[in-house]
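Residues per chain are reported as follows:
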Amino acid sequence: MSDDFTLPEDKAGRMERCAVFYTDVVPHNHALGLRLVDVGAAEATVELPYAENLVGNPETGVIAGGAVTTLIDATCGTAVFLKLGRFAPLVTLDLRIDYLRPARPGIVLTCVADCYRLTRQVAFVRALVHQGDPGHPVASAQGTFMRTEE
Amino acid sequence: MSDSTTPPLAELVRQVRKTREYKRLTDAIPYTRFMGIGVENLAGEMLCRMAFNPRNIGNSLLPALHGGTLGALLESAAVFELLLQTNTERVPKVISLTVDFLRSGKPQDTFAKAFITRQGRRVANVRVDAWQDDRTRPIASAHALFLLSEP
């Protein structure tokens with residue numbers, strides 16, 4: 001079943017196919033400057049570069065929670081595509097985010113998402129957001145997604 | 001980081017609570033300005049509005065708003081409710097946020113209303129609904145916990 005929606009087996013090919021979701025296909029990912037930096041069998045890593053226009057508290061310079069939510073939602077969605085091995089219609093059912101420590105201003109935020117369980121209809125994803133040290137995440141998240149085809 | 005014409009955020013919040021010039025506050029926050037998120041008084045009720053902008057699209061085919069933008073609107077509505085409808089002295093810090101995505105967001109303005117379910121001395125619980133044409137058919141809802149002060 002090889003078609004335009006099937007992801008290739010090799011990592012470079014998977015990177016290239018998934019990267020379009022951060023350039024052309026998803027305007028808001030592009031507007032935030034999100035970039036896909038790594039893919040695995042069911043894991044995606046996406047970076048949100050620091051930008052002045054994403055600041056939520058002008059006195060601390062810390063990035064707004066909303067931008068972090070978008071980073072997590074996007075990374076989790078890509079992890080599901082990787083686990084599925086293909087691009088299939090997908091909707092986010094829910095997303096829970098715990099803010100573990102304040103993000104530091106001026107530093108890129110990196111989200112690593114893992115689709116750890118996939119059923120016929122529902123995908124379960126967990127994600128961590130860090131600023132260089134995955135052992136000290138600034139946020140952890142849990143999301144569920146539903147496949148909308150059939 | 002604020003320039004000489006902008007008062008410190010706490011002072012600005014105190015002023016806006018009285019004057020209801022909400023735009024002064026939302027303009028002072030780069031992200032809400034970037035997202036087109038504003039606070040309005042409609043029929044005596046304080047609401048948040050996220051103006052439609054093509055760059056908030058997440059799915060170009062449908063088209064539909066990015067789920068992250070709805071999360072941003074819901075969280076902003078909760079923060080502004082706490083800042084403007086209570087006497088909290090500092091910007092509430094979000095502890096956790098849970099968003100349920102109920103319907104796809106059409107490419108148009110989206111509204112949100114936050115309800116403070118409980119406000120303690122240190123923690124506030126807030127529930128938020130977002131809708132477009134029909135308030136009885138929300139497109140997303142959230143509940144969030146905020147830390148209001150250091151011990």
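Preceding block: the structure.
Here's what I pulled together on the structure shown here. (Residues numbered from 1 in each chain as written. Chains lettered and ligands numbered in written order. Predicted model: local features only at pLDDT ≥ 70, side-chain atom pairs only at ≥ 80, totals over all residues. Heavy atoms only, no water.)

**Quick notes on the overall build of chain B**
Here is step 1 of the chain: Along the backbone of chain B there are four helices and eight strands.
Here is step 2 of the chain: Each helix and strand of chain B, ordered N terminal to C terminal, gives the series α-α-α-β-β-β-β-α-β-β-β-β.
Here is step 3 of the chain: Relative to the globule expectation of 15 Å for 151 residues, the C-alpha radius of gyration of chain B, 15 Å, shows essentially globular dimensions.
Here is step 4 of the chain: For chain B, the spread of C-alpha atoms along the three principal axes comes to 45 × 35 × 30 Å.
Here is step 5 of the chain: The proportion of buried residues among the 151 residues of chain B is 51%.
Here is step 6 of the chain: Charge separation in chain B, taken as the distance between the mean sites of 20 positive and 15 negative side-chain charges, equals 4 Å. (Helix = DSSP H or I, 4+ residues; strand = E, 2+ residues; numbered from the N terminus. Rg over C-alpha atoms; globule rule 2.2 N^0.38 Å. Buried < 20%, exposed > 50% of the residue type's maximum accessible area, 1.4 Å probe, protein only. Lys, Arg positive; Asp, Glu negative; His and termini not counted. Charge placed at Lys NZ, Arg CZ, Asp CG, Glu CD.)

**Structural notes on the environment of A113 of chain A**
All names here are of chain A.
Here is step 1 of the chain: Note that A113 resides in strand 6 (residues 109–118).
Here is step 2 of the chain: By relative accessible area, A113 is classed as buried at 0%.
Here is step 3 of the chain: Taking the C-alpha atoms as reference points, A113 and R86, separated by 27 residues in sequence, lie 17 Å from one another.

**Some remarks on the side chain of H28 of chain A**
Here is step 1 of the chain: Looking at the secondary structure, you find H28 of chain A in helix 2 (residues 27–32).
Here is step 2 of the chain: Residue classification places H28 of chain A among the buried residues on the basis of a relative accessible area of 0%.
Here is step 3 of the chain: Dropping the residues within four chain positions of it, H28 of chain A is found in contact with T70 of chain A together with M35, R55, N56, I57, H66 and T69 of chain B. (Contact = heavy atoms within 4.5 Å.)

**What about helix 1 (residues 9–19) of chain B?**
Here is step 1 of the chain: Residues of helix 1 of chain B that are buried include every one of L9, L12, V13 and V16 of chain B, and no others. For helix 1 of chain B, the arc enclosing every buried residue in end-on projection is 100°, short of the 170-degree limit, so these residues lie on one face.
Here is step 2 of the chain: The secondary structure elements touched by the buried residues of helix 1 of chain B are strand 3 (55–57) of chain A together with helix 2 (22–28) and helix 4 (67–85) of chain B. (Arc of directions from axis to C-beta.)

**Overview of the interface of chain A and chain B**
Here is step 1 of the chain: Contacts between the two partners involve 33 residues from chain A and, on the opposite side, 33 residues from chain B.
Here is step 2 of the chain: In total, chain A and chain B occlude about 2600 Å² of area from one another, counting both sides; carbon and sulfur atoms represent 58% of this.
Here is step 3 of the chain: On the chain A side of the contact with chain B, H28, P58 and Y99 of chain A bury the most area, a combined 22% of that side's loss.
Here is step 4 of the chain: Taken together, chain A and chain B are joined by 14 residue pairs in polar contact (both at pLDDT 80 or more).
Here is step 5 of the chain: Counting only elements with at least two residues in the side of chain A that touches chain B, the list comes to helix 2, strand 3, helix 3 (65–84) and strand 5 (90–99) of chain A.
Here is step 6 of the chain: Here the side of chain A that touches chain B gets eight residues from one element, more than from any other, and that element is strand 5 of chain A.
Here is step 7 of the chain: Pairing between strand 5 of chain A and strand 5 (residues 93–101) of chain B: five bridges, direction antiparallel. Note that in strand 5 of chain B the partner of L95 of chain A across the bridge is V99 of chain B. (Buried area = accessible area lost by both parts, 1.4 Å probe. Polar contact = N/O pair within 3.5 Å; in protein donor to acceptor, adjacent residues only side chain to side chain. Pairing = 2+ DSSP bridges.)

**Considering the pattern of salt bridges**
All names here are of chain A.
Here is step 1 of the chain: Taken as a whole and judged by the stated rule, the model has 13 salt bridges over all chains.
Here is step 2 of the chain: A salt bridge links E47 to R35; its shortest N-O distance comes to 3.1 Å. You can see E47 sitting in strand 2 (residues 43–48) and its partner R35 sitting in strand 1 (residues 35–39), a full 12 residues away along the chain.
Here is step 3 of the chain: The exposure class assigned to E47 is buried, which follows from its relative accessible area of 18%.
Here is step 4 of the chain: We classify R35 as partly exposed; its relative accessible area is 42%. (Salt bridge = Lys/Arg side-chain N within 4 Å of Asp/Glu carboxyl O.)

Honestly, it's all geometry; don't read function into it.
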